[in-house]
Amino acid sequence: MSNQPAPPAKFQLTNTATGKSTDLPVLKGTVGPDVINISAINKDHGVWTFDPGFMATASTESKITYIDGDAGVLLYRGYPIDQLAEKSTHLEVSYLLMYGELPTSAQLEEFNRSITRHTMLNESLLRMFNGFHSDAHPMSMVSAVVASMAAFYHDTTDIFDPRHREIFAHRIVAKIPTIAAAAYKHALGQPFVYPRNDLDYCANMLHMFFAVPCEEYKVSPLAARALDLLFILHADHEQNASTSTVRLAGSTGCNPYAAISAGVSALWGPSHGGANEAVLEMLEEIGSVDNVTKFLSRVKDKSDNVRLMGFGHRVYKNFDPRAKLIREMCHKVLGELGDQNDPLFELALRLEEIALQDDYFVSRKLYPNVDFYSGIIYSALGIPRSMFTVMFAIARTAGWVSHWQEMIADPAMKIGRPRQLYRGATTRDYVPLVKRG
Ligand code: CMC
């Protein structure tokens, strides 16, 4: 873990104009930096704190995921991500995130059974896809259909009933692959393929994506394992933008499906989950290793507004442990399923190598993140680019519901309501239209 100097036992805030001081309590986590509780500042001094982008603000307390960005550590409920990636499955990890502990065999069997029994969609929900144009982005369909679940599953709307919350969590984790597959089939104009209870989570998803009624489709075990690994790595990442969105929306007491839909929408942006789609677009635009230097000069030129997609992270300032595991899986998947000499993978490897020797990236601590290589695996699995961020959303659903549950179950939950630094006009009188020229 990082070598930060031990902070003082307490922080004192003094307003030098009034001489008034306030002792600010320091909260200790089980690991990680201490956190100063600033909630008395407004009462004592009449001021707000200002931290655009939450660069130094802990928005909540949580027991789910821990990241040490300097050391490249990611823990789900205390378990290192590399151990989970090697030994666990996405469903077991989902259970761990939701319930706090690894399941016993009986608990895992029951969880698997429950998820498997909830994979089908209400037929009316399925028919909603017909309302979308075939070129609709799948993220817009997924976000809309997830929000519409609020209108279908009324037995999960009492957010203060733990059993309702549990059914909701199982239902959304179970149905989001089915929703994603329906969005994909709709875009292709192919018939929808119903879920199969004899297949595991990822094999079932690949089957719903790629099977057609006219011939048998056999799921490749390596493809299912690769997808499962990607899902484990994407399952949670503490208070990232989409999870914070789910928490903020959920803090109003809104329908939980609406909160998850808000998370899907937040994930879509290229600074967040949309980066996996943007990485492949960028690699295609670069085209060949010969163009890397020219492209990187554009990235370094601040007036050009071009970023090296899949590089950099708000929290990881050394390496992203997920990127390392994905790069290894890339070699395996391309070796067995795709083109071992996939030019885009070769280009990505070379681009990473060149960037990591360039002072611009080194001095800013910019390293490949989880999205730099994930798109290359998705492509090798036959998943089209427009579906990449949907894949991320499927995986992250486990994290979103875990954070939502943690927040709602907390008796101290409050509606999220930030303040602002107002720099607009002060009070002025309304001018009638005729006098405005
Ligand atoms: N390419 C070029 N320059 C970059 C990049 C990049 N990818 N990322 C950061 N920088 C520069 C940035 O211009 C700034 O330079 P300067 O100090 O000269 O102004 C410095 O590095 C710090 O960047 P920042 O934008 O202040 O950092 P941030 O923590 O606000 O942003 C980020 C983090 C992930 C949004 C950003 O690194 C980025 O845009 N990366 C590309 C998009 C991407 O891959 N996103 C996926 C993130 S991982 C998955 C997920 O979270 O969903």
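Before reading on, note that the structure itself is shown above.
Rules behind the numbers
Residues numbered from 1 in each chain as written. Predicted model: local features only at pLDDT ≥ 70, side-chain atom pairs only at ≥ 80, totals over all residues. Heavy atoms only, no water. Pairing = 2+ DSSP bridges. Helix = DSSP H or I, 4+ residues; strand = E, 2+ residues; numbered from the N terminus. Buried < 20%, exposed > 50% of the residue type's maximum accessible area, 1.4 Å probe, protein only. Contact = heavy atoms within 4.5 Å. Near = heavy atom within 4 Å. Polar contact = N/O pair within 3.5 Å; in protein donor to acceptor, adjacent residues only side chain to side chain. Areas by Shrake-Rupley, 256 points an atom, 1.4 Å probe, with all protein chains shown as cover. Nonpolar A, V, L, I, M, F, W, Y, C, P; charged D, E, K, R; others polar. Core = buried A, V, L, I, M, F, W, Y, C linked by side-chain atoms within 4.5 Å. Salt bridge = Lys/Arg side-chain N within 4 Å of Asp/Glu carboxyl O.

Engineer: So what's going on with the sheet that holds strand S7 (residues 79-80)? Residues and values would help.
Structural biologist: Strands sit in the order S5-S6-S7 across an open sheet of three strands; the sheet is antiparallel. Both outer strands of the open sheet, strand S5 (65-68) and S7, are each paired with one neighbouring strand and no more. Strand direction decides the pairing type here: strand S6 (residues 73-76) and S7, joined by two bridges, are antiparallel. Counted as the bridge partner of Tyr76 is Tyr79 from S7.

Engineer: Tell me about helix H10 (residues 241-250), residues and numbers included.
Structural biologist: Buried residues of H10: Ser242, Thr243, Val246, Arg247, Ala249 and Gly250, and no others. Against helix H11 (256-267) and helix H18 (388-408) lie the buried residues of H10.

Engineer: Let's hear about the site of the ligand: which residues, and what values?
Structural biologist: Taken together, 22 residues lie near the ligand, and His272, Lys302, Arg307, Leu308 and Arg314 sit nearest. Contact between the ligand and His272: an oxygen atom at 2.5 Å from a side-chain N or O atom of the residue. Taking Arg307, its side chain carries an N or O atom lying 2.8 Å from an oxygen atom of the ligand. Look at the ligand: alone it shows 930 Å² of surface, and the protein chains cover 75% of it. Looking at the shell around the ligand residue by residue, the class counts come to 10 nonpolar, seven polar and five charged.

Engineer: So, the nonpolar core: which residues are in play, and what are the values?
Structural biologist: Ranked by size, the top nonpolar core spans 119 residues in total, and within it Leu227, Phe231, Met282, Leu283, Leu308 and Met391 carry the most contacts. What Leu308 contacts, discounting residues up to four positions off in sequence, is Met282, Phe295, Leu296, Val299, Leu351, Ala355 and Phe361.

Engineer: Requested: an account of the pattern of salt bridges, with residues and values cited.
Structural biologist: By the definition in use, this model includes 15 salt bridges. Between Arg113 and Glu110 there is a salt bridge, and its shortest N-O distance comes to 3.0 Å. Taken together, the residues span about one helical turn, with Arg113 and Glu110 both in helix H4 (residues 105-117) at a distance of three residues. According to the relative accessible area criterion, Arg113 is partly exposed, its value standing at 45%. On the basis of relative accessible area, Glu110 is assigned to the partly exposed category, the value being 41%. One salt bridge in this structure joins Glu285 and Arg298, with 3.3 Å as the shortest N-O distance. Taken together, the residues span a long stretch of sequence, with Glu285 in helix H12 (residues 275-286) and Arg298 in helix H13 (residues 292-300) at a distance of 13 residues.

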